[in-house]
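# Survey of secondary and tertiary structure
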Amino acid sequence: MSEAASTRTQIALLPSLAPLLHAWLPRQRWFAGKGHPVTGFSLVSATELLPLDGTGPGLLHLLVDVEQPGLPADAPQDCYQLLLGVRETLPPHLAPALIGHPTDGPLAGRTVYEGLRDRRLAEIVLERLRRPGQLGPLRFARFEGAPTIPGSLVARPLEAEQSNSSLVYGDAYILKFFRRVQPGPNPDLELPLALARAGCDRVPAPVAWYEARPQSGSTPYTLGVLQPFLRGSQDGWQLALDALNKGSSFTAEARALGRVTAEVHTALADELPTVMLRRAQTEHLAAAMNRRLEEAAQAVPALLPYVPRLRTAFDALAELGRDGRAWRAQRVHGDLHLGQTLYGGSRTENEWSVIDFEGEPARPLAERRKPQPPVRDIAGILRSFDYAARTHRPWNPAWAELCRAAYCEGYAEAAGTDPRTEPELLRAYETDKAVYEALYEARHRPDWLPVPMAAIDRLAATP
Ligand SMILES: Nc1ncnc2c1ncn2[C@@H]1O[C@H](COP(=O)(O)OP(=O)(O)O)[C@@H](O)[C@H]1O
Ligand SMILES: O=P(O)(O)O[C@H]1O[C@H](CO)[C@@H](O[C@H]2O[C@H](CO)[C@@H](O)[C@H](O)[C@H]2O)[C@H](O)[C@H]1O
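Residues numbered from 1 in each chain as written. Chains lettered and ligands numbered in written order. Predicted model: local features only at pLDDT ≥ 70, side-chain atom pairs only at ≥ 80, totals over all residues. Heavy atoms only, no water.

Let's shift gears to the pairing of strand β7 (residues 138–142). Two faces, one strand: in a regular strand the side chains alternate between the faces of the sheet. Pairing of strand β6 (residues 133–135) with β7, which is carried by 3 bridges, proceeds in the antiparallel orientation. Residue pairing across strands places G133 opposite F140, the latter belonging to β7. Turn length for the β6-β7 hairpin, with the two strands adjacent in sequence and antiparallel, is 2 residues, and the turn residue G136 shows positive phi of about 55°. Pairing analysis gives 5 bridges linking β7 to strand β12 (residues 208–212), with the strands arranged antiparallel. Its bridge partner lying in β12, L138 is registered against A212. (Pairing = 2+ DSSP bridges. Helix = DSSP H or I, 4+ residues; strand = E, 2+ residues; numbered from the N terminus.)

Turning next to the site of ligand 2. Surveying the vicinity of ligand 2 reveals the residues S163, W237, D335, H337, Q340, S384, Y387, Y436, E437, Y440, R445 and W448. One of the side-chain N or O atoms of D335 is found 2.9 Å from an oxygen atom in ligand 2. One nitrogen or oxygen atom from the side chain of Y436 is found 2.5 Å from an oxygen atom belonging to ligand 2. Burial of ligand 2 by the protein chains amounts to 86% of its free accessible area of 540 Å². Top contributing element to the shell around ligand 2 by residue count: helix α11 (residues 423–444), with 3 residues. (Near = heavy atom within 4 Å. Polar contact = N/O pair within 3.5 Å; in protein donor to acceptor, adjacent residues only side chain to side chain. Areas by Shrake-Rupley, 256 points an atom, 1.4 Å probe, with all protein chains shown as cover.)

One can read the domain layout of the chain as domain 1 (3–228) and domain 2 (234–460). Once you take the C-alpha centre of each, domain 1 and domain 2 turn out to be 31 Å apart. At the junction of the two partners, domain 1 supplies 27 residues and domain 2 supplies 25 residues. Here domain 1 and domain 2 share 6 salt bridges between them. Ionic pairing is found between D356 and K176, a salt bridge with its closest N-O pair at 3.0 Å. Secondary-structure elements contributing two or more residues to the side of domain 1 that touches domain 2 are α3 (187–197) and β13 (221–228). (Domains from an automatic or database assignment. Contact = heavy atoms within 4.5 Å. Salt bridge = Lys/Arg side-chain N within 4 Å of Asp/Glu carboxyl O.)

Before going further, it helps to examine the side chain of T261. By the secondary structure assignment, T261 is in helix α5 (residues 251–271). The class for T261 is buried, based on a relative accessible area of 3%. A polar side-chain atom of T261 sits 2.7 Å from the main-chain carbonyl oxygen of L257. Among residues more than four places away in sequence, those in contact with T261 are L336, Y407 and Y411. (Buried < 20%, exposed > 50% of the residue type's maximum accessible area, 1.4 Å probe, protein only.)

Let us now look at the site of ligand 1. Lining the immediate environment of ligand 1, one finds 16 residues, of which N164, K176, Q227, P228 and L230 sit closest. Residue P228 places a main-chain N or O atom 3.0 Å away from a nitrogen atom belonging to ligand 1. The contact in question runs from a nitrogen atom of ligand 1 to an N or O atom on the backbone of L230, over 2.8 Å. Where the shell around ligand 1 is concerned, the elements lending two or more residues are β10 (173–177) and β13. Two domains each put at least three residues into the shell around ligand 1: domain 1 (3–228) and domain 2 (234–460).

Attention shifts here to helix α10 (residues 397–415). The periodicity of an α-helix, 3.6 residues per turn, causes residues three or four places apart in sequence to face the same way. Look at α10: 27 Å from first C-alpha to last across 19 residues, which is about the 27 Å you get at 1.5 Å a residue. What α10 keeps buried is the set W399, A400, C403, R404, A406, Y407, C408, G410, Y411 and A412. The inward-facing, buried residues of α10 abut α4 (236–246), α5, α9 (375–391), α11 and α12 (450–461). G416 sits one or two positions beyond α10 and adopts a positive phi of about 85°. (Expected span 1.5 Å × (residues − 1).)

Written as structure tokens, this is what we have:
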């Protein structure tokens, strides 16, 4: 097909796909706007990875803006990345991937489906990543110095509860396909690249990635990152629960994780800009924490009675700033918890790895890329030990306390500073995280709300 004909096809595509997407998109695990009606779609970019001319399965890459007027005014524009397969009929094993049958437009009468679930189409994406270059608005890139990606690796979708979608190739590589995308570098590429440059092997180094620049001169969207798959690794959350179930100590693992967190922080601080948070910035930080508390309490009434006492944690931080205390801020993970850690696996026997540097996906990219005190990540893991102990029957608070202490000791061993020597900062960040968790659980897993609420009760009682 000529380029002009292909462009005409793409422009005509969206109206015929819109009714299908309208029904399919809100049902996807990774669709972030659940509960708010979708009123329309607009096309940001469309690229044929395989021709749609009916000579074989077609593969269409789309970036689509989703209009949802009910979302908060400060929420980023919701642009989603889709990979659509197109066939005359679907073979039975692909039936669960069906999106629908357009009734008009260039794909009328054909079958449109989730392309990532089709092994053959998933392998086309890897082929593109193996040979860097441009395809329309898409640019495929390789990490300089990364080993050659072998051909003919068999693809399988990762069956996990995810905010994005991932494909595993031959148990050797994993491709994270970002679903909700924004213009600008995604920290899940930016930070692992910086860590690889710094020689930090605690994070799987990106091997290849791709991005889109819908208009010439516009800011590119990071769309996917390929990294080594840590075959046989175990996720830190599951490992912690297993230890609890067996009545085993987890302090050696917690101490090692503390050291790894410190190594990652040190490498990020060496490689990327850091800033000092002085009086004005500390007041701003405390005000933002207070604002998040107010907003969370509007949505989670159980928080309301605690608001005045929780506020004291944030006010104490602002007060220290006014007294001349300053803190170093740097790039951090931003959403660290035990579920973002992997233990062991192919290349890292008996070691921790840290994954998923995307930050909290609901926040705008510019906010997620700001330097923050590293204690933000530390608070995330400390909260996770508390979560594990609380979700276990019987509740085992001593287990969590031992893990929390061991983690801080391990951190101090590698970083030279123990987070517990800044109790006001730590308390403010733990409180901020517990407030975030109360909101998260109320929205996503109401049965789990008592877990962060127990921490809220403890933190509110801290003098
Ligand atoms: N390099 C890797 N090796 C092995 N498993 C991985 C790797 N990266 C991610 N995973 C698995 O994929 C899951 C989802 O990855 P994650 O980056 O957290 O995605 P999301 O942002 O969509 O939640 C992880 O919980 C982990 O089980
Ligand atoms: O989807 P993400 O991994 O980015 O994170 C979100 O979901 C997490 C739950 O899956 C949630 O984490 C909370 O629950 C965990 C146990 O399931 C616990 O280990 C964490 O400490 C706790 O914060 C996370 O907050 C949320 O952003």
